[in-house]
Amino acid sequence: MPDSFIQSLVADLKPVRRLNNRDPWLVMGLLCLAAIGAVSATIGLRADLIAGHPADIVLLRSGVMLALGAASLAAVIAYARPGVGQHADGWVWAAVVAALFPAIAMLSAIEGQFPKWILTAPSGALCLGISLTIALVLGAALTSWVRRGASTRPVLQGWLIGLSSGAFGTFSYSLHCASTTVTYAGFWYTGAIVLSAGIGRLALPGLLRW
């Protein structure tokens, strides 16, 4: 009797492919390269990048966004499978560093030195539109991978998928952006990344539960 009961429980089980932690890194990297290629082909890259001498602010903001995207992606991967005592808090520190950009923009506004043209800059809508479009593609690919696992924290993972995708998507667009001010990045780049994270939080937890 016990044997037949156990057999009835496992009769419909099918082997599944084990999650490979390298796959999301590879997929996100390739998609980012494709996004940069699309940006270059449609609206072009910054002249200083093409010349091989990018401005300091470009290197700074690119490094911060890549660090935020990578740290968030590492956390998403870690939470894709159950584990005892599992922690992946690197994204918190990356987010703290990235928060310096909007903090500087907010400080400028408090002191009355925030450039008002940034609020109405036509490039702002372009930044949001392209960054979020890329983020949606990246987020869809990452969500597809996570759904193959056993998400341990679906709500947090929703945030993190949106955060990682938003950071990588905004980075891809930023290689075109002509702005060289911290306040511009603090307002528009932060807006794109926060919106992407919010979309992830609202749309993804239900898809990640198992």
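Fair warning: this is a prediction, and the values are worked out from it, not measured in the lab. (Residues numbered from 1 in each chain as written. Predicted model: local features only at pLDDT ≥ 70, side-chain atom pairs only at ≥ 80, totals over all residues. Heavy atoms only, no water.)

*Asks:* Sorry, what's going on with the overall build of the protein here?
*Replies:* A count of helical and extended segments in the protein gives eleven helices and zero strands. Scanning the protein from its N terminus toward the C terminus, one meets helices and strands in the order α-α-α-α-α-α-α-α-α-α-α. Here the analysis covers contacts within the protein between residues at least 6 apart in sequence; of these, 85% occur between residues at least 24 apart. A total of about 11400 Å² of accessible surface is found on the protein, and carbon and sulfur atoms cover 70% of it. (Helix = DSSP H or I, 4+ residues; strand = E, 2+ residues; numbered from the N terminus. Contact = heavy atoms within 4.5 Å. Areas by Shrake-Rupley, 256 points an atom, 1.4 Å probe, with all protein chains shown as cover.)

*Asks:* Help me understand the packing of helix H6 (residues 100–110) against helix H10 (residues 182–203) in this model?
*Replies:* The packing of two helices is summarised by the inter-axis angle and the distance between the axes. Contact geometry for H6 and H10: axes closest at 7 Å, N-to-C directions at 115°. Classed by the angle they form, the pair H6 and H10 counts as roughly perpendicular. The two elements H6 and H10 meet at a crossing, and its hand is left-handed. Contact residues: Phe101, Pro102, Ile104, Ala105 and Ser108 in H6; Val182, Thr183, Ala185, Gly186 and Thr190 in H10. The class makeup of the residues in the contact of H6 with H10 is six nonpolar, four polar and no charged. (Axes fitted to C-alpha atoms, helices over the stretch in contact; angles between N-to-C directions. Parallel < 35°, antiparallel > 145°, perpendicular 65-115°, else oblique. Left-handed = near helix turned anticlockwise from the far one by under 90°. Nonpolar A, V, L, I, M, F, W, Y, C, P; charged D, E, K, R; others polar.)

*Asks:* Just checking my understanding: could you explain the environment of Ile57 for this structure?
*Replies:* Within the secondary structure, Ile57 sits in helix H4 (residues 56–78). By relative accessible area, which is 11% here, Ile57 ends up buried. Excluding anything up to four places from it in sequence, Ile57 contacts Phe101, Thr180 and Val182. (Buried < 20%, exposed > 50% of the residue type's maximum accessible area, 1.4 Å probe, protein only.)

*Asks:* Would you mind going over the environment of Ala75 with me for this structure?
*Replies:* Assignment of secondary structure puts Ala75 in helix H4. Here the alpha-carbon distance between Ala75 and Gly90, two residues 15 residues apart in the chain, equals 7.6 Å. Residues contacting Ala75, with those up to four places away along its chain left out, are Ala88, Trp91 and Leu160.

*Asks:* Please clarify how the side chain of Ser172 should be interpreted in this entry.
*Replies:* Mapped onto the secondary structure, Ser172 falls in helix H9 (residues 154–174). For Ser172, a relative accessible area of 0% puts it in the buried group.

*Asks:* When you look at helix H8 (residues 122–146) in this model, what are you seeing that I'm missing?
*Replies:* If you check H8, its first and last C-alpha atoms are 36 Å apart, about what 25 residues at 1.5 Å a residue would give, namely 36 Å. Elements in contact with the buried residues of H8: helix H2 (22–42), H4, H9, H10 and helix H11 (205–208). (Expected span 1.5 Å × (residues − 1).)

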